[in-house]
Amino acid sequence: MPLVTRVTDLIGRTPLFELAATSTGTRLLLKLEQFNPTGAAKIRMAREMVLDAERRGLLRSGGHIIESTSGNTGLGLAVVAAERGYRFTAVVDHHACKDKLRAMRAMGAELVFVADDGDDNLATSAREDLAEAMAAARPDAYFTEQHNNDANAVGYYSVAEELLEDVERVDILLSSVGTGGSLFGTATRLRELGYPAKVIGVEPVGSIAFGGEGGPYWQSGTGTPPGATIGTAVDYSLLDEGLKVTDVDAFATARAVAAELGLMIGGSAGGSVHAALSRLDEFPAGSTIVTLVCDGGEKYLDTVFDDEWMADRDLLDPTAEAEVRTMLHQYTPAARRPVALAEAR
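On a predicted model such as this, the values are computed, not experimentally measured, just so you know. (Residues numbered from 1 in each chain as written. Predicted model: local features only at pLDDT ≥ 70, side-chain atom pairs only at ≥ 80, totals over all residues. Heavy atoms only, no water.)

**Observations regarding the overall build of the protein**
Counted only if it meets this: Under the DSSP-based scheme used, a helix requires at least four consecutive residues in state H or I and a strand at least two consecutive residues in state E, with every element numbered from the N terminus. Partly exposed residues are those whose accessible area sits between 20% and 50% of the maximum for their type, while under 20% is buried and over 50% is exposed, using a 1.4 Å probe and protein chains only. By the convention used here, residues are in contact when the closest approach between their heavy atoms is within 4.5 Å. Each accessible area is a Shrake-Rupley estimate made with a 1.4 Å probe; only the visible protein chains count as cover when residues are assessed. In summary, the charge assignment counts Lys and Arg as positive and Asp and Glu as negative, without counting His or the chain termini. Positions of charges follow a simple convention, taking NZ of Lys, CZ of Arg, CG of Asp or CD of Glu.
Within the protein, the regular secondary structure consists of 12 helices and 10 strands. Overall, the protein is about 65 × 45 × 40 Å in size when its C-alpha atoms are taken along their principal axes. Residues classed as buried in the protein amount to 56% of the 345 residues present. If you take every contact in the protein between residues at least 6 apart in sequence, the share linking residues at least 24 apart comes to 72%. Carbon and sulfur atoms make up 49% of the accessible area of the protein, which amounts to about 14400 Å² in all. If the 31 positive side-chain charges of the protein are averaged to one point and the 50 negative ones to another, these points end up 6 Å apart.

**A word on the sheet that holds strand β1 (residues 16-21)**
Counted only if it meets this: For two strands to count as paired, DSSP must find a minimum of two bridges between them. In this description, a line fitted to the C-alpha atoms serves as the axis of each element, helices being fitted only across the stretch in contact, and the angle between N-to-C directions of two axes falls anywhere from 0 to 180 degrees.
The sheet built from 6 strands is open, its strands ordered β1-β2-β10-β7-β8-β9 with mixed pairing. Because the sheet does not close on itself, it has two edges, and the strands there are β1 and β9 (241-245). Between one strand and the next, the sheet's axes are offset by a mean angle of 25°, whatever the strand orientation. Inspection of the sheet shows strand β7 (residues 172-176) paired to strand β10 (residues 288-293) by 2 bridges, in the parallel sense. Residue L173 lies in a different strand from β10, and its bridge partner there is V290. Sheet contacts for helix α6 (residues 157-166): β1, β2 (27-32) and β10; angle to β2, the most-contacted strand, approximately 130°.

**Structural notes on the packing of aromatic side chains**
What counts, and what does not: Stacked, edge-to-face and tilted are the three classes for Phe, Tyr and Trp ring pairs, Trp counted by its six-membered ring, which pair at centre distances within 6.5 Å; planes under 30 degrees apart are stacked, over 60 edge-to-face, the rest tilted. Whether a charge lies above a ring is judged from NZ of Lys or CZ of Arg, which has to be within 6 Å of the ring centre and within 35 degrees of the ring normal.
A complete count under the given rule lists 1 aromatic pair for this structure. With centroids separated by 5.4 Å and ring planes inclined at 80°, the aromatic side chains of W218 and W309 adopt a geometry described as edge-to-face. Here W218, found in the loop between β8 (198-204) and β9, pairs with W309, found in helix α10 (residues 307-312); they are 91 residues apart in sequence, far enough to count as distant. For W218, a relative accessible area of 22% gives the class partly exposed. Its relative accessible area of 14% is what places W309 among the buried residues. Lying across the ring of W218, R313 places its NZ or CZ 5.0 Å from the centre.

**Side note on the UniProt feature "domain: Tryptophan synthase beta chain-like PALP" (unreviewed entry) in the protein**
What counts is decided by this rule: UniProt positions are given in the numbering used here, feature names are shortened, and annotations may be inferred rather than shown by experiment.
Under the UniProt annotation, the feature "domain: Tryptophan synthase beta chain-like PALP" (unreviewed entry) is placed at residues 7-295. Taken as a whole, residues 7-295 contains 36% helix and 18% strand, while its terminal C-alpha atoms sit 17 Å from one another.

Written out as structure tokens, the structure reads:
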């Protein structure tokens, strides 16, 4: 890594981790976006949304950025705002992880809550309505509106370019869908570069982007809850298949991966990994499957990795965790197998 002068210079070139492999040569690779500043992929699109607004004259020197966020977008915008001299207000709810809220405050963001203390329900629609109203009332403000901002997906074009530097091709791109920017932005750029991939989106049970009855869910930063508008970054023309994963399975997977491999991934990434592991034998032999791990698990020590929090919400399921561990053992890559066998002895 060369000497850099800005935190945003550290964005990108995140590693690929081989999580699983079959006897037929199919591999499941994780693009570990927690190695970005703020520990998340969304700093990529936060930077691009601000740069795009500057190019179009929507943000001027000393301006005010406003965004509705469950955490990671807000963290990215806090960094970019600090670097470029903007004021940043994050409209949030108590469903967001406390560490994300603390980190935004530490980087100078103003937090505006749409719910009272103790109300930890997801309030995406209320957040977005308030953020839009706040921006409309301030002449120097710009609502980045991540769900309906074309620059969101463009911010992830670099992910596709990085993948093709590391592997010959991506056969299947399987990842969680929140705003849709990471999955569909990466897929768009892969197609533009002449390497189209099969695109499989994953959302929580309770999310409405792929149809079905909506309801509450605990996977943070992903999905479209009832009452919220499905963002324009969700490009159904690129989607080959949409899957739903329960909170129990998503969180069991994140916990099992941490316990078995020492790799901390977030809850929504756990949903994607569970979907991929469950179907690994169904994919064509020799396939390269990539899942974008949008953030790490360290931000969820008070939630996904806290037994009391999990039990209070009926999410703790040792049987589900054991099933994931079985799949991880079944699909242990050859390069890691001797170490696993030696430890087993």
